[in-house]
Amino acid sequence: MNISKLLETARRSMSMHQNAIGLTGKNISNVNTPGYSRLRAQIDFNGFSQIGGLSEENVQRIRQRFIDRQFWTENQELGRQQTKNLMLTEMESILAEPTGSGLNNVMTEFWLAWDNLANDPTNEANRSAAINQGELLANTFNRISTQNRNMQDQINTEIGQTVSTINSLASRISDLNGKIIAGESDLVDQRDLLIDQISEFINIQAIESDDSSVTLSVGGMVLVSGNSSNELSTSLEMQNDLPVISINWGNENNKANITSGSLRGMLDIHNGQIPEMIGKMNVLANSIVENVNEIFQNANQTNFFSTENSGASGIQVSQTVNLTGFDGTDAGEISSLQYDTNSVGNLSYFDYYNDTLSSLGSKIQDSQFSMDNQLLITDKLSLQRMSISGVSIDEE
């Protein structure tokens, strides 16, 4: 080998090692950059380019796709459980138990007022108390119903905002896909960081192609493919006087299969838990109205509660109610309704309501347990990713 070839080989070797040092500098400068994956030079003879230095094929991005896919899957369920836990807890706060404003205490005071009236039916204060406690009971039912419906409206808004965020992230991921396909490999970390974000909101499955682009699907339908993306939309219909939200593909009546992510958590509460709670409160309110009115009509030929509207949202004391001359025996019958184990199905009013409270409490505990478990899993996976892809100053 002549001297010129030796010198060229030495020049190219020095250039390649210089570029490798440049990669080290790049790693160190991005040590605190979220989502950054460290780069490593694969130095061998085949790594020489024609002009010296490293070819693109010999710059390795240190990433474990298996860990990424695990993280995205577990992050989806974390998003769902965090959202459910937060909103179930908010539903519990609406019931205001065990405070004086809670239905348990208000029902107790309502039945006590009738018991006092039974003991002294001519006492004007007892008559006023029975009416006032009836109004307080009605107002408490009204408040619970109104606040649950207001919460539904708020979740409806949040669902719309979340769908817009998902569409925006999908569009940005597809844009980065296009640039990555065109050769801008430095954008892969940014793209994957966006996938981290979108996985919090919705169930996605990611498949990486040979050109380094990623295809994202949701419930078997494509959300992102190459440099294009599809959009999700929301639609609303009324069922049993309550709104039900669906997530669709585009503007078509093609429902998306949303199984996890915070979006699924919101749908669980909006379409499931809140209607269930409102339904149970309606059953309880209607039963009280029906049974109290039946006794009151027999004694007074009028209704104590108005029958113009029904359910927790409609219960109210009749504006024409008058307890003058009301018999103590009939007042005692109304008071004894609280002990009737067949008041609501085969349960007393208190047992039915406390079963409702217990069911909600169990759901909160379950979601808390699932959320804590998912946090442990995602934290562990994040640490695993960092140990593989993160930059260590000492190692560099």
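Above this text is the structure in question.
In this text the structure is predicted, and so the values were computed from the model without any measurement.

**Student:** Is there a simple way to think about the packing of aromatic side chains in this case?
**Tutor:** To describe a pair of aromatic rings, you give the distance between the ring centres and the angle between the ring planes. Applying the stated rule across the entire model yields 11 aromatic pairs. Measuring from centroid to centroid gives 4.9 Å for Phe110 and Trp111, while their planes differ by 65°, and the two rings are edge-to-face. For the ring pair Trp111 and Tyr349, a centre distance of 5.5 Å and an interplane angle of 15° mean the geometry is stacked. Taken together, the positions of Trp111 in helix 3 (residues 103–119) and Tyr349 in helix 9 (residues 349–389) put the pair 238 residues apart, joining distant regions of the chain. The class of Trp111 is buried, set by a relative accessible area of 0%. Sitting above the plane of the Phe71 ring, Arg385 keeps its charged end 4.3 Å from the centroid.

**Student:** What's the story with the side chain of Ser199 in this structure? I'm lost.
**Tutor:** Residue position: Ser199 is located in helix 5 (residues 188–201). Given a relative accessible area of 0%, Ser199 falls into the buried group. Of the polar contacts made by the side chain of Ser199, one reaches the side chain of Asn75; its length is 2.9 Å. In this structure Ser199 touches Trp72, Asn75, Gln76 and Ile204, once residues within four positions along its chain are discounted.

**Student:** Just checking my understanding: could you explain the nonpolar core for this structure?
**Tutor:** Note on soluble globular proteins: their nonpolar side chains tend to be buried together. Trp114, Phe141, Ile198, Ile247, Phe304 and Phe305 are the most contacted members of the largest nonpolar core, which totals 87 residues. Counting residues per element, this core draws most heavily on helix 4 (residues 124–181), at 16 residues. With sequence-adjacent residues up to four places away left out, Ile198 is seen in contact with Ile166, Leu169, Ala170, Ile173, Ile204, Leu216 and Leu223.

**Student:** What's the story with the pattern of salt bridges in this structure? I'm lost.
**Tutor:** Between side chains of opposite charge, pairing is possible as soon as their charged atoms come close. Tallied over the entire structure, the rule returns nine salt bridges. Among the ionic pairs, Arg385 bridges to Asp196, the shortest N-O distance being 2.7 Å. In this pair, Arg385 sits in helix 9 while Asp196 sits in helix 5, placing the two residues 189 residues apart along the sequence. Classification of Asp196 by relative accessible area gives buried; the value is 12%. Across the salt bridge formed by Arg264 and Asp268, the nearest N and O atoms sit 2.9 Å from each other. Placement of the pair is Arg264 and Asp268 together in helix 6 (residues 261–300), with a separation of four residues, close to one helical turn. Overlapping salt bridges, with partners in common, bring together Asp68, Asp196 and Arg385 in one network.

**Student:** Any chance you could explain the side chain of Thr378 here in plain terms?
**Tutor:** Among the secondary structure elements, Thr378 is positioned in helix 9. Overall, Thr378 belongs to the buried group, its relative accessible area being 4%. Every residue in contact with Thr378, bar those within four places of it in the chain, is listed here: Phe71, Glu74, Asn75 and Leu78.

The rules behind the values
- Residues numbered from 1 in each chain as written.
- Predicted model: local features only at pLDDT ≥ 70, side-chain atom pairs only at ≥ 80, totals over all residues.
- Heavy atoms only, no water.
- Phe/Tyr/Trp six-rings, centres within 6.5 Å; stacked < 30°, edge-to-face > 60°.
- Helix = DSSP H or I, 4+ residues; strand = E, 2+ residues; numbered from the N terminus.
- Buried < 20%, exposed > 50% of the residue type's maximum accessible area, 1.4 Å probe, protein only.
- Lys NZ or Arg CZ within 6 Å of the ring centre and 35° of its normal.
- Polar contact = N/O pair within 3.5 Å; in protein donor to acceptor, adjacent residues only side chain to side chain.
- Contact = heavy atoms within 4.5 Å.
- Core = buried A, V, L, I, M, F, W, Y, C linked by side-chain atoms within 4.5 Å.
- Salt bridge = Lys/Arg side-chain N within 4 Å of Asp/Glu carboxyl O.

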